[in-house]
Amino acid sequence: MDSRQWPCPSCGDDRDFVQPPCIDGHTDDGGECPEWVCADCGSALVVGEVRVVVVAVAGAPCAA
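Below is a short write-up of the structure. (Residues numbered from 1 in each chain as written. Predicted model: local features only at pLDDT ≥ 70, side-chain atom pairs only at ≥ 80, totals over all residues. Heavy atoms only, no water.)

This next bit is on the pattern of salt bridges. Counted by the stated rule, this structure contains three salt bridges. Salt bridges here are not isolated pairs; linked through shared partners, they connect Asp13, Arg15 and Asp40. (Salt bridge = Lys/Arg side-chain N within 4 Å of Asp/Glu carboxyl O.)

What follows is the structure in structure tokens.
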């Protein structure tokens, strides 16, 4: 199991975070699962790039 050190918001200092087996398919294409868990307290972190999706909604224009 892979591990990395990050600040844990619950523990209050740097802790080892481990990556449990990915069941969501994030690693199917060779990528890395964004889910990490503090080895001491179990707090979860989701790390990685953020993708923004813009959704256009048809309707009346906004009043200015």
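Let us now look at the pairing of strand S1 (residues 3-7). Pairing of S1 with strand S2 (residues 14-18) involves five bridges; the strand directions are antiparallel. Within the sheet, the bridge partner assigned to Pro7 lies in S2 and is Asp14. The antiparallel hairpin formed by S1 and S2 contains six residues in its connecting segment, where Gly12 sits at a positive phi of about 90°. (Pairing = 2+ DSSP bridges. Helix = DSSP H or I, 4+ residues; strand = E, 2+ residues; numbered from the N terminus.)

So, about the side chain of Gln19. Relative to the helices and strands, Gln19 resides in the loop between S2 and strand S3 (35-38). By relative accessible area, Gln19 is classed as buried at 14%. Within polar-contact distance, the side chain of Gln19 engages the backbone oxygen of Cys33 at 2.3 Å. (Buried < 20%, exposed > 50% of the residue type's maximum accessible area, 1.4 Å probe, protein only. Polar contact = N/O pair within 3.5 Å; in protein donor to acceptor, adjacent residues only side chain to side chain.)

The next thing to look at is the packing of aromatic side chains. Two measures describe an aromatic ring pair: the distance that separates the ring centres and the angle between the ring planes. In total, this model carries two aromatic pairs according to the counting rule given. For the pair Trp6 and Trp36, a centre-to-centre distance of 5.2 Å together with 85° between the ring planes defines the contact as edge-to-face. You can see Trp6 sitting in strand S1 and its partner Trp36 sitting in strand S3, a full 30 residues away along the chain. Within the aromatic cluster, the residues linked to one another by ring pairs are Trp6, Phe17 and Trp36. (Phe/Tyr/Trp six-rings, centres within 6.5 Å; stacked < 30°, edge-to-face > 60°.)

Here we come to the sheet that holds strand S4 (residues 44-46). Pairing in this open sheet of four strands is antiparallel, and the strands run S1-S2-S3-S4 from one edge to the other. In this open sheet, the two edge strands, each paired with only one partner strand, are S1 and S4. The average undirected angle you get between the axes of adjacent strands in this sheet is 40°. (Axes fitted to C-alpha atoms, helices over the stretch in contact; angles between N-to-C directions.)

Okay, the side chain of Ser43 next. Looking at the element boundaries, Ser43 is found in the loop between S3 and S4. Only 2.6 Å separates the side chain of Ser43 from the side chain of Ser10, close enough to count as a polar contact. Ignoring sequence-local partners within four residues, the contact set of Ser43 consists of Cys8, Ser10, Phe17, Trp36, Val37 and Cys38. (Contact = heavy atoms within 4.5 Å.)

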